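Fold and contact review
Here are the chains, one letter per residue:
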Amino acid sequence: MTTIRRFTCNDLFTFNNVNLDPLTETYNLPFYLTYLARWPEYCQMAEGPGRQAMGYILGKAEGSGELWHGHVTAVTVAPDFRRQHLAQKLMNLLEGVTEKVHNGYFVDLFVRKSNAVAINMYEKFGYIKYREVLNYYSGEENAYDMRKAMPRDVHRKSVVPLTRPVKPEDLEFD
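First things first, this report covers the structure right here in the doc. (Residues numbered from 1 in each chain as written. Predicted model: local features only at pLDDT ≥ 70, side-chain atom pairs only at ≥ 80, totals over all residues. Heavy atoms only, no water.)

**Structural notes on the packing of aromatic side chains**
For the coordinates displayed, the defined rule picks out 13 aromatic pairs. Taking the centre distance of 6.1 Å and the plane angle of 80 degrees together, the rings of F7 and F15 count as edge-to-face. In terms of burial, F7 and F15 fall into one category: buried. Between the aromatic rings of Y122 and F125, the centroid separation amounts to 6.5 Å while the plane-to-plane angle is 75 degrees, which identifies the pairing as edge-to-face. The same class applies to Y122 and to F125, which are both buried. Of the aromatic side chains, those joined through ring pairs into one cluster are F7, F15, Y27, F31, Y32, Y35, W39 and Y56. Here R112 stacks its cationic end above the ring of Y137, 4.2 Å away from the centre of that ring. One cation-aromatic arrangement involves R147 over Y130; the distance from NZ or CZ to the ring centre is 3.6 Å. (Phe/Tyr/Trp six-rings, centres within 6.5 Å; stacked < 30°, edge-to-face > 60°. Buried < 20%, exposed > 50% of the residue type's maximum accessible area, 1.4 Å probe, protein only. Lys NZ or Arg CZ within 6 Å of the ring centre and 35° of its normal.)

**Some thoughts on the environment of R51**
Residue placement: R51 occurs in the loop between strand 2 (44-47) and strand 3 (53-62). Taking the C-alpha atoms as reference points, R51 and D11, 40 residues apart in sequence, are found 9.9 Å from one another. (Helix = DSSP H or I, 4+ residues; strand = E, 2+ residues; numbered from the N terminus.)

This is the structure in C-alpha cells:
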C-alpha cells in the first residue's frame, strides 16, 4: 500500500534509496529546505510499508502574467517501485495544485535530452517538447523544456513549441 503525503524535513534522512538513480539530481540541504518552506503544497512524498520512501516530487509556482505556472523541479521513484504509475500520481498531484491552488497557465519541467525513457513517460502524461535548452545540465548536456497546458490556458498558447534552442541565461524564470 502506498501513502502520498506532504514531504517533510525528516524525509531528507530517509530518501537515499530514491536518489541513488544516476539521472536523479541530488541537491544541497538548503535547496530542499527552501522548497519545503516556500512551496510546501508542491512537495509530496510517496511512502510504502514500514515508512519506506518510494518516490517524491518537488515543485514551485513561478512566472507572471500568462507565464504564471507550476514547475516540476524533481520527480523520482526508487527503482524497486517503478512501473506502478507512481510518477503519474505524483505529477497529477502537482498539476492539481497548479490548477486549483495557483491557477497557473501550464506546468513545465526540464529533462535531459538523452533520457528517452523519461521523455516518453512525460509525453504519455500529455507534455510536449516546448524548446531545447543548450548546455542546461552542468554546461555539458542539453535539456528539453517540456510543458503541459492547464485549463486556464484556453487557447493553449503556452504549449506552442519554439523552433530554435535557447541558452540557460535566456530562460524567463528563476
